[in-house]
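Reading the structure
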Amino acid sequence: MKNIGKGIYVYLALVIFAPLLFQDDYYLSLLVITGIYAIVAIGLSIVMGLTGQISIGQAAFWGIGAYTSAVLTTKYEISPFLALIAAAIIPAVFAFILARAIAGLSGYYLAMATLAFGYIIQILISEWESVTGGATGMIGIPSIDFFGESELGMYYLVWGVVTVVLLFSLNLVESRVGRAFRAIHKSEIAATSMGIDVRKYRLLAFVVGGLFAGLSGGLYAHYVGTLDPQPFGFHESIVFITIVVIGGMTNIWGALVGTFVIEMIRAGLTSLSDTFPALSGDVDTIVYGAILVLIIMFMPEGLVPKIQSMVQSYKHRRSTATVVVQKNKERETAR
Amino acid sequence: MTAKFLQVDKITMDFGGVRAVDNVSFSVEPGEIVALIGPNGAGKSTVLNMISGTIPPLQGEIYYQGKPLSKLKGHEYSGAGISRTFQNLQTFDDMTVLENVMVGLHARTKSELFSCGIRSLSARREERSMREQALEWLEFVGLADLKDQLAGNLAYGKLKQMEIARAMVAKPKLLLLDEPAAGLNHSETLEMSKMFQKIKYLGTAILLVEHDMDMIMSIADRIIVLDRGKKIAEGTSSEIQANPKVIAAYIGEEKEEEPIQTSKKSSSQRVKKKTILSVKNIVARYGPVEVLHGIDLHVSEGEIVSLLGSNGAGKTTLLNCICGLHAAKSGTVEFNERDISKTSAEKIVPLGMAHVPERRQIFSTLTVEDNLYLGASHRLSRGSSQQIEKEIKDVYKLFPILEERKNQLGGTLSGGQQQMLAISRALLSRPSLLLLDEPSLGLAPLVGKEILEIVKRIRDEWGTTVLLVEQNARAALAISDRAYVLSTGKVLMHGSAEEIMNHPEIQSAYLGKSQTFVDSPEVQSADQVQA
Ligand SMILES: Nc1ncnc2c1ncn2[C@@H]1O[C@H](COP(=O)(O)OP(=O)(O)OP(=O)(O)O)[C@@H](O)[C@H]1O
Ligand SMILES: [Mg+2]
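Everything numeric here is computed off the predicted structure, so don't read it as measured data.

On a plain count of helices and strands, chain B comes out with 22 helices and 20 strands. The C-alpha radius of gyration computed for chain B amounts to 24 Å, which stays within 12% of the reference 24 Å derived for 531 residues, consistent with globular compactness. Counting only C-alpha atoms, chain B reaches 70 × 50 × 45 Å along its principal axes. The 531 residues of chain B split such that 56% are buried. Of the accessible surface of chain B, which amounts to about 22,300 Å², a share of 50% is contributed by carbon and sulfur atoms. Of the charged side chains in chain B, 62 are positive and 65 negative; the average position of the first set lies 3 Å away from that of the second.

Have a look at this one:
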């Protein structure tokens with residue numbers, strides 16, 4: 001635990017007690033959705049922030065996970081928990097195949113390839129009617145019985161998964177594999193000469209990202225109960241990227257904080273659009289775009305790293321201040 | 001063929017029609033220190049790149065312990081016992097120094113993704129042992145107290161040392177070093193020489209590229225000389241020093257113990273001129289760490305002023321504060337009586353200040369010529385382009401190799417060629433004040449000597465004022481009017497070049513004798529590292 005720091009205790013307390021503060025189902029449902037997005041975002045920050053690979057196709061893995069779990073439970077009546085495992089594994093396999101296919105690409109080429117992959121998957125979902133229900137989608141996806149089929153049960157399940165994913169990722173960052181990811185990001189030549197198999201680790205990062213996204217997709221399917229292809233495209237992929245950039249790509253906590261910020265904005269816009277109908281529709285895209293631009297201009301490192309460095313220099317100033325005070329005192333006593 | 005430890009067999013490399021390495025063969029014995037020297041662009045780094053697997057040879061083969069290296073993949077070299085450092089630093093800047101060195105252990109460790117994610121018992125045990133080994137090597141190179149600093153905040157010379165720790169932690173049998181002493185001052189270089197002797201006694205063979213002839217002569221068992229891609233000589237240090245071909249191509253005529261001459265005339269004759277740069281009480285920090293604690297300094301028009309001091313003393317940071325690349329925490333910088341403390345770097349250049357940073361920062365995806373034009377870009381509107389073309393021609397006269405390579409991409413130049421380009425680019429902005437951060441870094445001795453001559457000529461002919469950071473303190477003082485000595489972020493002393501030159505403390509720490517020999521290696525402390 002020592003690598004992870006005290007933040008984790010604050011986090012755990014918040015997760016456990018938040019439902020006491022927000023007993024209203026509406027707020028609880030916001031928190032569940034936030035958790036679901038956070039899982040994808042954490043995976044993406046491993047792919048993008050640590051390893052430095054841009055993926056504009058993360059919503060596709062999310063969709064594959066959602067449909068895998070939905071199809072297995074509705075058509076084959078498999079238990080949702082088993083289906084969730086499949087929802088994690090199948091997107092991971094897709095991620096593996098994709099990463100093999102695009103090995104060696106980086107920068108814009110990688111971005112374009114993942115973008116194309118995202119489109120292909122979304123089209124596949126809409127066209128494969130016999131299985132996915134096409135554009136009309138699927139209904140009646142069973143909800144998960146986690147200590148009762150309640151909003152609260154779902155909250156604890158989702159945030160339980162977030163916590164596992166978060167701890168796994170935080171551990172990873174400060175480990176041999178995490179350092180290999182970060183090394184590749186900075187210098188492939190140096191990484192290779194230290195014995196790091198660049199292709200292998202880039203692929204691994206992709207697989208982890210796909211696995212987390214798929215798991216989250218499965219939870220999403222069971223939570224909302226109906227699916228259609230619409231959320232699993234370019235728009236949502238961009239939302240995931242925005243989340244990660246806002247929070248701070250290089251920091252796993254950043255993914256969590258970024259998700260909160262974005263979901264709060266989204267909820268705010270939704271409630272405002274009740275009074276101002278002009279704010280409905282794709283206005284959120286414009287807002288995210290604006291935020292993205294502002295962050296890149298004024299805080300390129302993202303929220304969490306920024307706050308960390310501010311805290312650090314504050315602490316430093318305080319400690320130097322105490323030293324000065326002490327010195328003054330010493331001087332006085334010497335007199 | 002009897003299986004040699006390392007046998008380089010007729011390797012050749014071409015870059016876009018230019019033969020960078022031409023049919024080169026040599027061998028290295030276990031535990032031997034072999035030096036690879038030669039003019040800038042001779043192909044030394046390219047040879048190292050081929051041996052370390054970074055680029056495969058076009059022709060020829062390299063045998064390592066009897067087996068052809070072409071069978072290995074790039075990432076398998078480290079595990080096979082071949083480690084390296086890089087001429088243009090390849091450090092992981094957003095990791096701590098300790099983490100950087102731990103990456104060096106990658107090939108010697110096993111924990112995979114899942115066990116790392118759950119922090120399994122074996123992963124934790126391995127992590128602990130990696131940490132311990134990395135620390136031992138950081139202590140060995142003398143960086144243990146900086147282990148938790150971000151590598152991006154370290155001085156150039158310290159990073160060079162960190163790269164050595166990162167390579168050595170893998171316990172290689174063959175260590176490839178590309179200009180390890182670049183950016184180190186005299187006493188630091190001596191320390192490093194001792195370090196290499198210890199490494200040798202640990203049984204690791206070293207193949208090193210270096211322009212510091214004192215260092216080479218004192219530690220190399222054998223020296224191989226390259227020129228224009230071809231091997232022109234091989235032998236012991238005394239053989240090489242006497243070889244006329246090598247003297248002509250590389251070392252230059254040795255003027256025995258040059259008497260130190262400071263430009264006395266200029267400093268005493270000069271009437272008090274107006275102050276062009278005035279720095280008052282500059283405080284600077286990286287994150288929470290304060291690296292400059294209130295620096296005062298002034299430079300008068302037409303002066304050459306040297307900034308001396310060991311690695312990490314804050315020289316580069318000070319230059320960065322002056323030219324606006326680093327925001328000082330407090331204090332003021334006045335340039336031509338104008339406060340530029342809050343002015344951003346790109347607005348300072350048109351005011352007449354040019355900066356040649358230590359890490360060169362040339363535009364690697366632009367050609368040499370385009371890099372030069374960019375240097376003059378802010379004058380394009382005023383000066384006619386013919387005038388600038390003429391000036392570029394003048395610059396080509398200073399560095400003929402740049403003209404030869406004017407269509408090559410900046411990033412593919414050899415280290416020394418990049419240095420020449422960076423200096424040329426700064427000259428083309430016709431600055432009234434030129435900030436030079438280690439201009440002779442990575443230059444062959446002949447060119448390195450010349451570059452300081454050029455600096456002096458620029459001052460004499462164009463009246464350019466120069467603030468100079470240079471590890472070769474002796475050479476720097478010889479052309480300077482005044483000098484400041486920095487130590488751990490403070491001005492330790494300042495005065496005329498002559499005063500500084502004759503100060504006993506400075507002499508022992510930065511100047512040394514011109515020819516140096518290394519004490520016998522301390523085998524005891526090497527044992528500690530091995531344990
Ligand atoms: N990728 C490349 N494309 C084109 N030319 C290249 C490339 N890499 C190196 N060269 C050229 O090959 C020659 C040898 O370069 P190399 O870096 O090996 O020189 P070096 O001996 O290490 O010189 P220095 O002492 O300046 O570091 C140089 O002329 C350089 O410009
Ligand atoms: Mg080189």
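Before going further, it helps to spend a moment on the nonpolar core. Residues and elements named next belong to chain A. Within the largest apolar cluster, 109 residues are counted, with the highest numbers of intra-cluster contacts made by F181 and L219. When residues of this core are assigned to their parent elements, the largest contribution, 16 residues, is made by helix α2 (residues 25–50). Sequence-distant contacts of L219, that is, excluding residues within four places in its chain, are made with I36, I39, L84, I144, M154, L157, V158 and V161.

Following the criterion strictly, the structure yields 26 salt bridges over all chains and no others. Linking R182(A) and E99(B) is a salt bridge whose minimum nitrogen-to-oxygen distance equals 2.9 Å. Residue R182(A) is found in helix α8 (residues 176–186), and its partner E99(B) is found in helix α3 (residues 97–103); the two belong to separate chains. A residue is classified by how much of its surface remains accessible, and E99(B), at 11% relative accessible area, is buried. For D94(B), the salt bridge identified is with K186(A), shortest N-O distance 3.8 Å. One end of the pair, D94(B), is in the loop between β6 (82–84) and α3; the other, K186(A), is in helix α8, on a second chain. On the basis of relative accessibility, which here comes to 40%, the residue K186(A) falls in the partly exposed class. Where salt bridges share partners, they join D14(B), R19(B), D22(B) and K230(B) into one cluster.

Turning to the site of ligand 1, a few remarks are in order. Residue and element names in this part refer to chain B. Neighbouring ligand 1 are 21 residues; S45, T46, R405, S414 and G416 lie closest to it. At a separation of 3.2 Å, a nitrogen atom of ligand 1 approaches a polar backbone atom of T412. In the complex, the protein chains occlude 87% of the 640 Å² of accessible area that ligand 1 would expose alone. Among the elements of the structure, α1 (44–51) and α17 (415–428) are those that each provide at least two residues to the shell around ligand 1. Taken together, the residues that form the shell around ligand 1 break down as five nonpolar, 13 polar and three charged.

This part takes up the domain arrangement of chain A. Domain annotation for chain A reports domain 1 (7–301) and domain 2 (308–335). Centre-to-centre separation of domain 1 of chain A and domain 2 of chain A, based on C-alpha positions: 44 Å.

Our focus in this paragraph is the coordination of the magnesium ion (ligand 2). All names here are of chain B. In the first shell of the magnesium ion (ligand 2), the protein supplies S45 (OG) and Q87 (OE1), at 1.9 to 2.0 Å from the metal. Of the two residues, S45 is situated in helix α1 and Q87 in the loop between β6 and α3; the sequence distance between them amounts to 42 residues. Given the relative accessible area of 9%, Q87 is considered buried.

Okay, the interface of chain B and chain A next. Each partner contributes residues to the interface: chain B has 34 residues there, and chain A has 32 residues. Between chain B and chain A lies a buried interface of about 3,200 Å² when both sides are counted; carbon and sulfur atoms form 59% of it. Among the residues of chain B in contact with chain A, H75(B), H106(B) and L113(B) are the three that bury the most area, contributing 22% of the side total. Looking at which element gives the most residues to the side of chain B that touches chain A, the answer is helix α4 (residues 113–117) of chain B, with four residues. Tallied by class, the residues present in the side of chain B that touches chain A amount to 12 nonpolar, 11 polar and 11 charged.

Burial analysis of α8(A) places nine of its 11 residues in the buried class, the great majority of the element. Within α8(A), burial applies to R176(A), V177(A), G178(A), R179(A), A180(A), F181(A), R182(A), A183(A) and I184(A).

Attention now goes to a nonpolar patch on the surface. A surface patch of nonpolar side chains, about 910 Å² in accessible area, is lined by Y76(A), I78(A), L82(A), I85(A), I89(A), I90(A), V93(A), F94(A), F96(A) and I97(A). If you trace the backbone, F96(A) turns up in helix α4 (residues 80–101).

This part is about the sheet that holds strand β14 (residues 330–335) of chain B. Residue and element names in this part refer to chain B. Strand order across the open sheet formed by four strands is β12-β11-β14-β15, with antiparallel pairing between neighbours. At either margin of the open sheet sits one strand with a lone partner, and together these are β12 (289–300) and β15 (338–339). In the packing of helix α12 (residues 315–322) onto the sheet, the strands contacted are β11 (275–286), β12 and β14, and the crossing angle to β11 comes to about 115 degrees.

Residue and element names in this part refer to chain B. Even without glycine at this site, K10 takes up a positive phi of about 50 degrees. Here K10 shows up in strand β1 (residues 6–15). Of note, the phi angle at L89 is positive, near 30 degrees, even though the residue is not glycine. The residue L89 is located in the loop between β6 and α3 in this model. Given a relative accessible area of 9%, L89 falls into the buried group.

This brings us to the pairing of strand β7 (residues 174–178) of chain B. Residues and elements named next belong to chain B. Judged by how many residues are buried, β7 sits mostly within the fold: five of five residues are covered. Taken together, the three bridges between β6 and β7 define a ladder with parallel strand orientation. Counted as the bridge partner of S83 is L175 from β7. When β7 meets strand β8 (residues 205–209), the two strands line up parallel, connected through five bridges.

What follows deals with empty space enclosed by the protein. The final tally for this structure, using the stated rule, is six cavities of 30 Å³ or more. One number sums up the size of the largest cavity: a volume of about 80 Å³. Every residue lining the largest cavity is listed: N171(A), E174(A), S175(A), R176(A), S111(B), C116(B), R119(B), A123(B), R124(B), E126(B), E127(B) and M130(B). Here the element with the most residues in the lining of the largest cavity is helix α5 (residues 121–141) of chain B; it accounts for five residues. Here the lining of the largest cavity is built from residues that sort into three nonpolar, three polar and six charged.

For the rest of this paragraph, the subject is the packing of aromatic side chains. Tallying each qualifying case throughout the model produces 20 aromatic pairs over all chains. Between W62(A) and F232(A) the ring centres are 5.3 Å apart and the planes differ by 70 degrees, which places this aromatic pair in the edge-to-face class. Here W62(A), found in helix α3 (residues 58–75), pairs with F232(A), found in the loop between α10 (198–224) and α11 (234–247); they are 170 residues apart in sequence, far enough to count as distant. Note on accessibility: W62(A) and F232(A) belong to one class, buried. Counting every residue linked through ring pairs, the aromatic cluster contains Y11(A), Y155(A), Y156(A), W159(A), W253(A) and F260(A). Over the face of the ring belonging to F92(B) we find R166(B), whose NZ or CZ atom lies 4.9 Å from the ring centre. In this arrangement the basic side chain of R430(B) is found over the ring face of W462(B), its NZ or CZ atom lying 3.6 Å from the centre.

Attention shifts here to the confidence of the model for chain B. Residue and element names in this part refer to chain B. For chain B, the mean per-residue pLDDT works out to 85, and 91% of the residues sit at or above 70. Confidence over residues 256–260 falls short of pLDDT 50; this stretch has three contacts with residues more than four positions distant or in other chains. For residues 262–270, every residue scores under 50 in pLDDT, and the model assigns this stretch 19 contacts once sequence neighbours within four places are set aside. Among the scores for the predicted complex, ipTM is 0.87 and pTM is 0.85.

Turning our attention to the environment of S27(B). Residue and element names in this part refer to chain B. Structurally, S27 can be placed in strand β2 (residues 18–28). On the basis of relative accessible area, S27 is assigned to the buried category, the value being 12%. Excluding residues that lie within four positions of it along the chain, S27 makes contacts with K4, L6, Q7, E32 and R222.

Right, let's talk about the sheet that holds strand β13 (residues 304–308) of chain B for a bit. Residues and elements named next belong to chain B. The six strands lie next to each other as β16-β17-β18-β13-β19-β20, forming an open sheet whose pairing is mixed. The open sheet is flanked by β16 (353–356) and β20 (490–496), the only strands paired with a single partner. Between one strand and the next, the sheet's axes are offset by a mean angle of 15 degrees, whatever the strand orientation. Its contacts with the sheet put α12 on β13, β16, β17 (433–437), β18 (465–469) and β19 (482–487), and the angle it makes with β17 is roughly 150 degrees. Contacting β16 and β17, α17 crosses the sheet at an angle of about 180 degrees to β16.

What counts and what doesn't
Residues numbered from 1 in each chain as written. Chains lettered and ligands numbered in written order. Predicted model: local features only at pLDDT ≥ 70, side-chain atom pairs only at ≥ 80, totals over all residues. Heavy atoms only, no water. Helix = DSSP H or I, 4+ residues; strand = E, 2+ residues; numbered from the N terminus. Rg over C-alpha atoms; globule rule 2.2 N^0.38 Å. Buried < 20%, exposed > 50% of the residue type's maximum accessible area, 1.4 Å probe, protein only. Areas by Shrake-Rupley, 256 points an atom, 1.4 Å probe, with all protein chains shown as cover. Lys, Arg positive; Asp, Glu negative; His and termini not counted. Charge placed at Lys NZ, Arg CZ, Asp CG, Glu CD. Core = buried A, V, L, I, M, F, W, Y, C linked by side-chain atoms within 4.5 Å. Contact = heavy atoms within 4.5 Å. Salt bridge = Lys/Arg side-chain N within 4 Å of Asp/Glu carboxyl O. Near = heavy atom within 4 Å. Polar contact = N/O pair within 3.5 Å; in protein donor to acceptor, adjacent residues only side chain to side chain. Nonpolar A, V, L, I, M, F, W, Y, C, P; charged D, E, K, R; others polar. Domains from an automatic or database assignment. Donors = N, O, S within 2.8 Å, 3.2 Å for Na, K, Ca; no water. Buried area = accessible area lost by both parts, 1.4 Å probe. Patch = residues over 30% accessible without salt bridge, like charges linked within 9 Å, V, L, I, M, F, W, Y side chains within 5 Å. Pairing = 2+ DSSP bridges. Axes fitted to C-alpha atoms, helices over the stretch in contact; angles between N-to-C directions. 1 Å grid on protein atoms, 1.4 Å probe; cavity = no way out; pocket = protein on both sides within 12 Å on 5 of 7 lines; lining within 4 Å. Points joined across faces, edges and corners; volume = space filled by probe spheres on them. Phe/Tyr/Trp six-rings, centres within 6.5 Å; stacked < 30°, edge-to-face > 60°. Lys NZ or Arg CZ within 6 Å of the ring centre and 35° of its normal. pLDDT = per-residue confidence, 0-100.

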